[in-house]
Amino acid sequence: MMEEVKEEISTLSVHVPNIKVTEVLKDGDTLTFLIVSQKLSGTGEYHVDRTYEDFEWLQQHLFSQEDEPGIQGVIFPSLPAKAQVNASAKVMKQLGFLALGEWLPYCKALEIFLQQIAAHSILSKNKAVEIFLTSSDPPGRQRVKKNIFNRLSQAVEERRKEGHKDVDEFFQTERHHNLVLTGCAKTAAEKFLDVVQSEQKIAVAYGHFSASLHLCVETGEDPDKQAFSKTCVKLSEVFDSMKKNMTSVAENNMNTLGLGLDLESRCQEAEKEMLFRRTCKLVEVETARRNAEKAKPLKKAAMEEAKKAVETEFHHISGVAKQEVARFQAARVEMLQQALVQWCEKQLLTAKESADQFTQHLHAFRGMA
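Small disclaimer: the values here were computed from a predicted structure and weren't measured.

Visitor: Got a minute to help me understand the overall build of the protein in this structure?
Guide: Secondary structure assignment for the protein yields eight helices and three strands. The secondary structure elements of the protein, listed N-terminal to C-terminal, are β-β-β-α-α-α-α-α-α-α-α. For 369 residues, the compact-globule estimate of 2.2 N^0.38 gives 21 Å, and the C-alpha radius of gyration of the protein, at 27 Å, exceeds that figure by more than 25%. A principal-axis box enclosing the C-alpha atoms of the protein has dimensions of 110 × 45 × 35 Å. Looking at the protein residue by residue over its 369 residues, the buried ones come to 43%. For the protein, the share of sequence-separated contacts (at least 6 apart) that also reach a separation of at least 24 residues comes to 75%. Working note: accessible area of the protein is about 20000 Å², and carbon and sulfur atoms make up 55% of it.

Visitor: I'm lost on the pattern of salt bridges in this one. Help?
Guide: In a structure, side chains of opposite charge can pair up when their charged atoms sit close to one another. Applying the stated criterion to the full structure yields 14 salt bridges. As a salt-bridge pair, Glu 53 and Lys 82 come within 2.7 Å of each other at their nearest N and O atoms. Of this pair, Glu 53 sits in helix α1 (residues 52-63) while Lys 82 sits in the loop between α1 and α2 (89-95), and the two are 29 residues apart along the sequence. Judged by relative accessible area, which is 25%, Glu 53 ranks as partly exposed. Given a relative accessible area of 38%, Lys 82 falls into the partly exposed group. Two residues, Lys 244 and Asp 240, come together in a salt bridge whose shortest N-O distance is 3.4 Å. Here Asp 240 and Lys 244 lie together in helix α7 (residues 223-294), a separation of four residues that amounts to about one turn. Judged by its relative accessible area of 28%, Asp 240 is partly exposed. Connected through shared salt-bridge partners, Asp 166, Arg 175 and Arg 278 make up one network.

Visitor: So what exactly am I meant to see when it comes to the sheet that holds strand β3 (residues 45-51) here?
Guide: Adjacent strands of a sheet form backbone hydrogen bonds with each other and so pair up, either parallel or antiparallel. Strand order across the open sheet formed by three strands is β1-β2-β3, with antiparallel pairing between neighbours. Every interior strand has two partners, whereas the edge strands, β1 (14-27) and β3, have only one. On average, each strand axis in the sheet is inclined to that of its neighbour by 20°, with strand direction left out of account. The pairing of β1 with strand β2 (residues 30-39) spans nine bridges and is antiparallel. Within β2, the position partnered with Glu 23 by the bridge is Leu 34. Strands β2 and β3 of the sheet are contacted by α1, whose axis makes an angle of about 100° with β3. In this fold helix α4 (residues 127-134) packs onto β1, β2 and β3, with an angle of close to 100° to the strand it touches most, β3.

Visitor: Help me understand the packing of helix α3 (residues 104-118) against α7, please; the structure alone is not making it clear to me.
Guide: Describing two packed helices takes the angle between their axes plus the distance from one axis to the other. Contact geometry of α3 with α7 gives a least axis separation of 11 Å together with a crossing angle of 50°. Relative to α7, the element α3 lies oblique. Relative to α7, the crossing made by α3 is right-handed. On α7, the residues that touch Leu 104, Pro 105, Lys 108, Ala 109, Ile 112 and Gln 116 of α3 are Met 254, Asn 255, Leu 259, Leu 263, Arg 266 and Cys 267.

Visitor: Mind showing me how you'd approach the packing of aromatic side chains here?
Guide: Aromatic rings in a pair are described by how distant their centres are and how their planes are angled relative to each other. The final tally for this structure, using the stated rule, is eleven aromatic pairs. Ring geometry for Phe 97 versus Phe 192: centroids 5.9 Å apart, planes at 40°, classification tilted. On the criterion of sequence distance, the pair formed by Phe 97 in the loop between α2 and α3 and Phe 192 in helix α6 (residues 169-213) is long-range, its members being 95 residues apart. Summarising the aromatic geometry, the rings of Phe 209 and Phe 239 are spaced 4.6 Å apart at their centres and angled 80° between planes, so their arrangement reads as edge-to-face. Here Phe 209, found in helix α6, pairs with Phe 239, found in helix α7; they are 30 residues apart in sequence, far enough to count as distant. For Phe 239, a relative accessible area of 18% translates into the label buried. What links up through ring pairs into an aromatic cluster is the set Phe 33, Phe 55, Trp 103, Tyr 106, Phe 113 and Phe 132.

Visitor: I would appreciate a short explanation of the nonpolar core in the present structure.
Guide: Counting 42 residues, the largest nonpolar core has Phe 33, Ile 35, Phe 55, Leu 58, Tyr 106, Leu 114 and Leu 133 as its most contacted members. Among the secondary structure elements, those contributing two or more residues to this core are β1, β2, α1, α2, α3 and α4. Ranked by residues supplied to this core, first place goes to α3 with eight residues. Not counting residues within four places of it along the chain, the set of residues in contact with Leu 114 comprises Ile 19, Val 21, Ile 35, Phe 55, Leu 58, Phe 132 and Leu 133. Ranked by size, the runner-up nonpolar core spans twelve residues in total, among them Ala 270, Met 274, Ala 321 and Phe 328.

Visitor: Any chance you could explain the packing of α7 against helix α8 (residues 297-368) here in plain terms?
Guide: Interaxial distance between α7 and α8 falls to 8 Å at its minimum, and their mutual angle equals 170°. Classed by the angle they form, the pair α7 and α8 counts as roughly antiparallel. Classifying every residue of the contact of α7 with α8 gives 29 nonpolar, 17 polar and 17 charged.

Conventions adopted
Residues numbered from 1 in each chain as written. Predicted model: local features only at pLDDT ≥ 70, side-chain atom pairs only at ≥ 80, totals over all residues. Heavy atoms only, no water. Helix = DSSP H or I, 4+ residues; strand = E, 2+ residues; numbered from the N terminus. Rg over C-alpha atoms; globule rule 2.2 N^0.38 Å. Buried < 20%, exposed > 50% of the residue type's maximum accessible area, 1.4 Å probe, protein only. Contact = heavy atoms within 4.5 Å. Areas by Shrake-Rupley, 256 points an atom, 1.4 Å probe, with all protein chains shown as cover. Salt bridge = Lys/Arg side-chain N within 4 Å of Asp/Glu carboxyl O. Pairing = 2+ DSSP bridges. Axes fitted to C-alpha atoms, helices over the stretch in contact; angles between N-to-C directions. Parallel < 35°, antiparallel > 145°, perpendicular 65-115°, else oblique. Left-handed = near helix turned anticlockwise from the far one by under 90°. Phe/Tyr/Trp six-rings, centres within 6.5 Å; stacked < 30°, edge-to-face > 60°. Core = buried A, V, L, I, M, F, W, Y, C linked by side-chain atoms within 4.5 Å. Nonpolar A, V, L, I, M, F, W, Y, C, P; charged D, E, K, R; others polar.

Written as structure tokens, this is what we have:
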């Protein structure tokens, strides 16, 4: 599995890399996630249980920090889509890798989401984060109104602004790169998911063939039938080993590179949303400037004041955004690199174990000759 995000300066009472989503409990259609965080003092752990609605509560609180200068320039960690016990085909497709593997990848994705928030120099200062990780009370039962991202969802109607030329070459270039990488990351994740699902189907087919070979086993004293039955049994063992090998290969793919590609895709989308928020604010600045230029004498002062306010906000957003892009690029490259390295290590180990098994099967067949 991918290593946790590195801890930065934090105001929290927990050790960021040791925030773990250890288990998921099912009660009917309700999923509850168990979160364990090591206390920064080193004297114990916090154990809390949270539903998906609690994660949404946390996300909403982070989105609504309108008193934090430049908050719209933050690349918010991406919360995975809601998992369901009996998910529809649409939900399964939306979750991709996170819908496979008995909840392990999904728990890991939630774990990384929390670690990224807790390691963030701005987001970790929000009291909601400390409450979420340490309080035994369920915060998600208290609803909050969506704010910044309510406007963001409304901004779907303003997609015409997406192609608006930027005044800063840095952001214009970053928007172009992000557009390309977002498409590539999504395609790579989808294609690799196809590979894993094909491997899972092949593993099932091996299992069926292994079981079917036992139907050929016959009893009796006939030496030919006995030899044929022994061969079928040994072949069944071989195909059972092939099934286990292919299952391991699929699990390795899913829990390393698969999870990494899923995270990469969601991270690119998160950066895209931030860049779009900044572009919308740029359009707002340009509109305010035009209004101030055209304002009649009676409204001139008010329009100039409004222009200065939106310019100041845009300046803060751009300053935070530049820092965020640099941090984001370093973090995502490191995490994708970890996923690739762990993918190779896991598959190499599986290949060695399988080679040893098949060697034993080969010796057994030679002994039957």
